[in-house]
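Descriptive structure summary
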Amino acid sequence: MLSILIENMGLLCSRNKHYNEEDNEENAQTAEIERRIEQETKAEKHIQKLLLLGAGESGKSTIFKQIKLLFQTGFDESELKSYISVIHANVYQTIKVLYDGSKELAQNDRETFEISSENKEIGEKLSTIGSRLDYPRLTKELAQDIETLWKDAAIQETCARGNELQVPDCAHYFMENLQRLADPDYVPTKEDVLHARVRTTGVVEIQFSPVGENKRSGEVYRLFDVGGQRNERRKWIHLFEGVTAVIFCAALSEYDQTLFEDESKNRMMETKELFEWVLKQPCFEKTSFMLFLNKFDIFENKVLNAPLNACEWFKDYQPVSTGKQEIEHAYEYVKKKFEELYFQSTAPDRVDRVFKIYKTTALDQKLVKKTFKLVDETLRRRNLFEAGLL
Amino acid sequence: MASCAVEGGCASDYLAVAISAVCFILLLSRVILPFAVLKIPLPKRSSFWIPVIQIYASLNLLLSLVMSLTFLKFKKTYWWHSCYFWGVWIEAPLGFGLLLSCRISQAFQLYYIFVKRCLPPIRSYIFLPLILMPWIAGAAFIQIKRPLNNRCHMGIQWTIPVMSLHTLYVAILVGFTGAIWHIEFRFDELRDLWRGILVSAFSIGVWVVAYFLNEIHEDISYLQVASRFVLLVMASILVLAFFSISSSQPLLSQISLRKREPLSFETMGQALGIPNSGMLLPREPAPVIDPDEPLDKLLMNKIFRESFMKFAESCLAGESVHFYEEVHELGKIPADDPVRRIYMARHIIDQYIIAGAAMEVNISHRSRQAILTTSNLAQPNLFHDALNELIQLMKTNLAKDFWSSMYFTKFKEEATTRSHELKQMTRWNHSPTPRLSSAHGVDDPFHQEQES
């Protein structure tokens, strides 16, 4: 009886001791964790947070891909190959949108939009493929069919009215390269990957350091890419804290297009309202704003044929001349509109935040590189200023 | 006796006023208590406004009777004692008419959704004022013609059309309810609606008789006192019964789940009794996952889907997977059960499709419009196009990153341990453990969303 008691007591003590040991261990662990957290937050402080914001299809993800190409390892072959299915899907989706669109337009204007009878069969076939879930790999025969249909006058007419349909910007590029895309050993080029249209959902991030040839810049950036459609925007708010700079993308060419998610709304008007909303966010009191007026390449080709005042915001635009001068004039007008909007939506206590406008074409690697160097420089200058060194 | 019949303030009058006051207090407490005691979150939009409007209408109806039928004795008459104000405007368009219009708009919506099988062509906030128009027109007409005498009575040639309008609206309500009679509802909407109608039809019968007597036999004073007593008491009962039987759960929230069911369900699928919904059976075979298989095939597997969903949520893109899951559940409901299909379809539309929905998905304008203007909510490929778009979206955005994520590594580990456990467990009969869907979990990013 006694022995049992002693044994129990012993057990108790040893158990107690054991507990204490565990406690100590735990304490050590928590201390270690805390130390690490501190370290990481210290390290995090050096990392500058950049957000890519903007409405849908404004080129955020293309800029994101460019950064990957420019300042990271780029895409290896397996990564390039993973884009095959995306590119092929783009081809099928494009031809389906065009074929279905021409059928719809033909209801009002049979002469222009009626597809020739021999191509109709091809069209129906491709349209069913386009609504399937798993697209087949693009074969030479399918590519031939698509090319035939693409060359149909009605489809070309439809494509000219592409702003009324949801035709992706990459349509022309991929249609002109169909034979190459259909090659059995096809590996997408960098350019193909940049053109590939993927609607982003959720959030993606990369970390990079724009080390130039002279390795002077030591800044580390963390760049976040987000989806731009309306439903995606409610997720942005989770990223709004501690942002160094917002890169706001606005597609210059979208002034006569409607939203993917709401075809009753002009894209430029949406961008205007969105920019206003972002500017007024309380989190962005000290955040720098880099406005990328993107897709200048498309704008250049479009603005001479499609009047800028198709958009309500640009109603009072008057073209002054022709050719290159006119393009420049139209661009300056849009730029001025955004500038005005910025100053209207910026409260007096925020006037010292940085605001820069850049004319970009996200597909142009050299231009993006140059632009990013400027952004980097501006942000570093800003940091020095904040630290009281300038 | 004779004087109080004319001037008001008989003992029976005070009793009637007291009864109506008690009824109204009971009604109010029935509305407020569930929110105050059980801490049910306040409903949004029309599920919030329709009960509020009904209470307002009930109050108007009772108050207008008290004021226009001279229950109370006032020393002086003020301008606001006007018969036209109380007896015409407050009683009809803002009282009885409004009360029944609310109910008719509820029945109308049910009728459209379950009989016509499409979303109602007009929203209730447009429909309600629309069917209130005849009441407003009638009140305006009376206001212009001024048939009322100093005791707020207007004689038989006016009373008949007025009472016809009252009964017409009851008839419309009965008509709509009759049209949805054959449908077997999941959440007892119809039974409640019928009980409400039965009580109100009965009380309106008595009410109409009392009204007639009160209007016509102005000279018989005991009849005056008795009839107005009956009138007010019946109106109080009507208001209370009409509201508390079913309209504390007005139509729109009747279709949503949870509030009225004693059991609260995690998902609509469970509420509708779809087999295997929201649960992970421990005996489910360990999946063999081949990343080369198309994503839509892989997602059919529940365990894989859970893992993929967690990953998608970590990328703030969870809504697409949730949508996939719910459409998948909808697919399990047999085609010969249109009512359950409609419930589920309605739920999916409210949750994922309409612009600004809590978990709105990233789909094209065309797909969204096609769903919202469908002619048949029960059709099997209602969400087909939207789902295709979203699977494409998940494929291009999430799939590649998932294979290299921690979530997939963990999933593979669990799959191996699962298959070990499975061998040991086959002897025991395990009861399935319900698993919380993370749809409404704490870490759901959409719960902290900000309305923009």
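Residues numbered from 1 in each chain as written. Chains lettered and ligands numbered in written order. Predicted model: local features only at pLDDT ≥ 70, side-chain atom pairs only at ≥ 80, totals over all residues. Heavy atoms only, no water.

A short note on helix α6 (residues 117-130) of chain A
Residues and elements named next belong to chain A. Its 14 residues give α6 an end-to-end C-alpha distance of 20 Å, which sits within 8% of 20 Å, the value for a rise of 1.5 Å per residue. Regarding α6, the residues found buried are Asn 119, Ile 122, Gly 123, Leu 126, Ser 127, Ile 129 and Gly 130. Viewed along the axis of α6, the buried residues span an arc of 150°, placing them on a single side of the element. For α6, exposure combined with an orientation more than 90 degrees from the buried face picks out Ser 117 and Glu 121. (Helix = DSSP H or I, 4+ residues; strand = E, 2+ residues; numbered from the N terminus. Expected span 1.5 Å × (residues − 1). Buried < 20%, exposed > 50% of the residue type's maximum accessible area, 1.4 Å probe, protein only. Arc of directions from axis to C-beta.)

As for the domain arrangement of chain B
What the domain assignment reports for chain B is domain 1 (9-247) and domain 2 (295-425). Of note, the centres of domain 1 of chain B and domain 2 of chain B, computed from C-alpha atoms alone, are 45 Å apart. (Domains from an automatic or database assignment.)

Overview of the domain arrangement of chain A
Residue and element names in this part refer to chain A. Split by domain assignment, chain A resolves into domain 1 (50-75 + 200-381) and domain 2 (77-195). For domain 1 versus domain 2, the separation of C-alpha centres amounts to 29 Å. Opposite the 19 residues of domain 1 that make contact, domain 2 presents twelve residues. With both sides pooled, the region where domain 1 packs onto domain 2 buries about 1,400 Å², and carbon together with sulfur makes up 50% of that total. Summed over the three residues of domain 1 that lose the most area to domain 2, namely Lys 65, Phe 75 and Leu 363, the buried surface amounts to 41% of that side. For the pair domain 1 and domain 2, the number of links is one salt bridge. Our count for the domain 1 to domain 2 interface comes out at six residue pairs in polar contact (both at pLDDT 80 or more). Examining the composition of the side of domain 1 that touches domain 2, we find that five residues originate from one element, helix α2 (residues 60-71), more than from any other. Grouping the constituent residues of the side of domain 1 that touches domain 2 by class yields six nonpolar, six polar and seven charged. (Contact = heavy atoms within 4.5 Å. Buried area = accessible area lost by both parts, 1.4 Å probe. Salt bridge = Lys/Arg side-chain N within 4 Å of Asp/Glu carboxyl O. Polar contact = N/O pair within 3.5 Å; in protein donor to acceptor, adjacent residues only side chain to side chain. Nonpolar A, V, L, I, M, F, W, Y, C, P; charged D, E, K, R; others polar.)

Some words on the interface of chain B and chain A
With 33 residues of chain B in contact, the opposing surface of chain A contributes 30 residues. When the two sides are added together, the surface that chain B and chain A hide from each other amounts to roughly 2,600 Å², 49% of it contributed by carbon and sulfur. The interface formed by chain B and chain A holds four salt bridges in total. The set of elements that each furnish at least two residues to the side of chain B that touches chain A consists of α16 (365-372) and α17 (384-403) of chain B. Looking at the side of chain B that touches chain A element by element, the count peaks at ten residues for α17 of chain B. Class assignment for the residues of the side of chain B that touches chain A results in twelve nonpolar, twelve polar and nine charged.

Concerning the UniProt feature "domain: RGS" (unreviewed entry) in chain B
Within the UniProt annotation, "domain: RGS" (unreviewed entry) is assigned to residues 294-412 of chain B. The span residues 294-412 of chain B carries 70% helix and 0% strand; its end-to-end C-alpha distance comes to 18 Å. (UniProt positions renumbered as here; feature names shortened; annotations may be inferred.)

Focus: the confidence of the model for chain A
Here chain A averages 85 in pLDDT, and 90% of its residues register 70 or above. Counting interchain partners and residues more than four positions distant, the pLDDT-below-50 stretch residues 1-20 of chain A has zero contacts. (pLDDT = per-residue confidence, 0-100.)

Comments concerning the pattern of salt bridges
All names here are of chain A. Per the stated rule, a full pass over the model turns up 36 salt bridges over all chains. Of the charged contacts in the structure, one is a salt bridge between Asp 169 and Lys 295, with a shortest N-O distance of 2.4 Å. Taken together, the positions of Asp 169 in the loop between α8 (153-160) and α9 (171-176) and Lys 295 in the loop between β5 (288-294) and α14 (296-302) put the pair 126 residues apart, joining distant regions of the chain. For Asp 169, a relative accessible area of 36% puts it in the partly exposed group. Among the salt bridges present, the one from Arg 230 reaches Glu 270, with a minimum N-O distance of 2.9 Å. Here Glu 270 lies in helix α13 (residues 267-279) and Arg 230 lies in helix α12 (residues 230-233), a separation of 40 residues in the sequence. Its relative accessible area of 30% is what places Arg 230 among the partly exposed residues. Taken together, the shared-partner salt bridges connect Arg 230, Arg 233, Glu 261, Asp 262, Lys 265, Glu 270 and Glu 273 into one network.

Observations regarding the UniProt feature "transmembrane region" (unreviewed entry) in chain B
Residues and elements named next belong to chain B. Per the UniProt record, "transmembrane region" (unreviewed entry) is found at residues 14-36, 48-72, 84-104, 125-144, 156-181, 193-213 and 225-245. The annotated region residues 48-72 carries 84% helix and 0% strand content, and the separation between its end C-alpha atoms amounts to 34 Å. In this annotation, residues 84-104 is assigned 95% helix and 0% strand; the end-to-end C-alpha distance for the span is 26 Å.

Here's the deal with the UniProt feature "binding site: Mg(2+)" (unreviewed entry) in chain A
The sites that carry the UniProt feature "binding site: Mg(2+)" (unreviewed entry) are, in the present numbering, Ser 61 and Thr 200 of chain A. In sequence the annotated residues extend across 140 residues, while in space they remain close, none of their C-alpha pairs exceeding 7.4 Å. In contact with Ser 61 of chain A, not counting residues within four places along its chain, are Thr 200 and Asp 225 of chain A. Considering the arrangement of structural elements, one finds Thr 200 of chain A in the loop between α11 (190-195) and β2 (203-208). Look past the residues within four positions of Thr 200 of chain A in its chain and what remains in contact with it is Ser 61, Asp 225, Val 226, Gly 227, Gln 229 and Glu 232 of chain A together with Asn 362 and Asn 397 of chain B. Only 2.6 Å separates the side chain of Thr 200 of chain A from the side chain of Ser 61 of chain A, close enough to count as a polar contact.

Description of the pairing of β5 of chain A
Residue and element names in this part refer to chain A. Across the seven residues of β5, seven count as buried, placing the element largely inside the fold. With burial as the criterion, each face of β5 is covered, one bearing Ser 288, Met 290, Phe 292 and Asn 294 and the other bearing Phe 289, Leu 291 and Leu 293. Bridge count between β5 and strand β6 (residues 355-359): five bridges; the pairing is parallel. Paired with Leu 291 across the strands is Ile 357, a residue of β6. (Pairing = 2+ DSSP bridges.)

Digging into the sheet that holds strand β4 (residues 245-251) of chain A
All names here are of chain A. Pairing in this open sheet of six strands is mixed, and the strands run β2-β3-β1-β4-β5-β6 from one edge to the other. Two strands in the sheet have a free side with no partner beyond their single neighbour: β2 and β6. If you compare each strand with its neighbour and ignore which way they point, the axes differ by 20° on average. Contacts from helix α15 (residues 323-344) reach β4, β5 and β6 within the one sheet, and its direction differs from that of β6 by about 160°. (Axes fitted to C-alpha atoms, helices over the stretch in contact; angles between N-to-C directions.)

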